[in-house]
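Chain by chain, the residues:
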Amino acid sequence: MDDTGCRGFFLEPVATYHRQYEALRAFFIEGRRLQDIAQQFGYRETSLRSMVCRFRAQVQAGEAPPFLGNRPWGDPSGSLTFPHQPSQRRQSSPMRAR
């Protein structure tokens, strides 16, 4: 079975948050050099270094990074979608009732 497209999903992500995730994963899990990761995922090395620092700070502060937000599994676009919430009816102004 040809899994070229499946491998490409992980190795050449298109969505912003997916690219960030894979770049950070390559650094922290695979131990790859920033220069190599930046080249693969289309970042400047200085931008990737900043991303690594921000990620460390978020983890230490107990904050969830943006790519862990509410996102339907299987949505490769990485676009955030929120469930439809019924609009809350605004109370009428007391001045208007007079």
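Given the structure is predicted, the values throughout are model-derived calculations rather than measurements.

Here the focus is the overall build of the protein chain. When helices and strands are tallied, the protein chain shows five helices and zero strands. Ordered by position from the N terminus, the helices and strands of the protein chain form the series α-α-α-α-α. Here the analysis covers contacts within the protein chain between residues at least 6 apart in sequence; of these, 42% occur between residues at least 24 apart. When the accessible surface of the protein chain is summed, it comes to about 8200 Å², and 53% of that surface belongs to carbon and sulfur atoms.

Ala23, Leu24, Ile37, Phe41, Tyr43, Leu48 and Met51 are the most contacted members of the largest nonpolar core, which totals 13 residues. Ignoring any residue separated from it by four or fewer positions in sequence, one finds Phe41 in contact with Phe10, Leu11, Pro13, Arg19, Glu22 and Ala23.

Take the confidence of the model for the protein chain next. Confidence in the prediction for the protein chain averages 78 pLDDT; 68% of positions are at 70 or higher. Within the protein chain, helix α5 (residues 94–97) has the poorest average pLDDT of any element, 51, and helix α3 (residues 34–41) the best, 97. Counting contacts from residues 71–93, a segment whose pLDDT is below 50, to residues more than four positions away or on other chains yields 13 contacts.

What follows concerns the side chain of His18. Its location among the elements puts His18 in helix α2 (residues 16–28). Taking the relative accessible area as the measure of exposure, His18 reaches 15% and is therefore buried. Sequence-distant contacts of His18, that is, excluding residues within four places in its chain, are made with Phe9, Phe10 and Pro13.

Each value, and the rule that gives it
- Residues numbered from 1 in each chain as written.
- Predicted model: local features only at pLDDT ≥ 70, side-chain atom pairs only at ≥ 80, totals over all residues.
- Heavy atoms only, no water.
- Helix = DSSP H or I, 4+ residues; strand = E, 2+ residues; numbered from the N terminus.
- Contact = heavy atoms within 4.5 Å.
- Areas by Shrake-Rupley, 256 points an atom, 1.4 Å probe, with all protein chains shown as cover.
- Core = buried A, V, L, I, M, F, W, Y, C linked by side-chain atoms within 4.5 Å.
- Buried < 20%, exposed > 50% of the residue type's maximum accessible area, 1.4 Å probe, protein only.
- pLDDT = per-residue confidence, 0-100.

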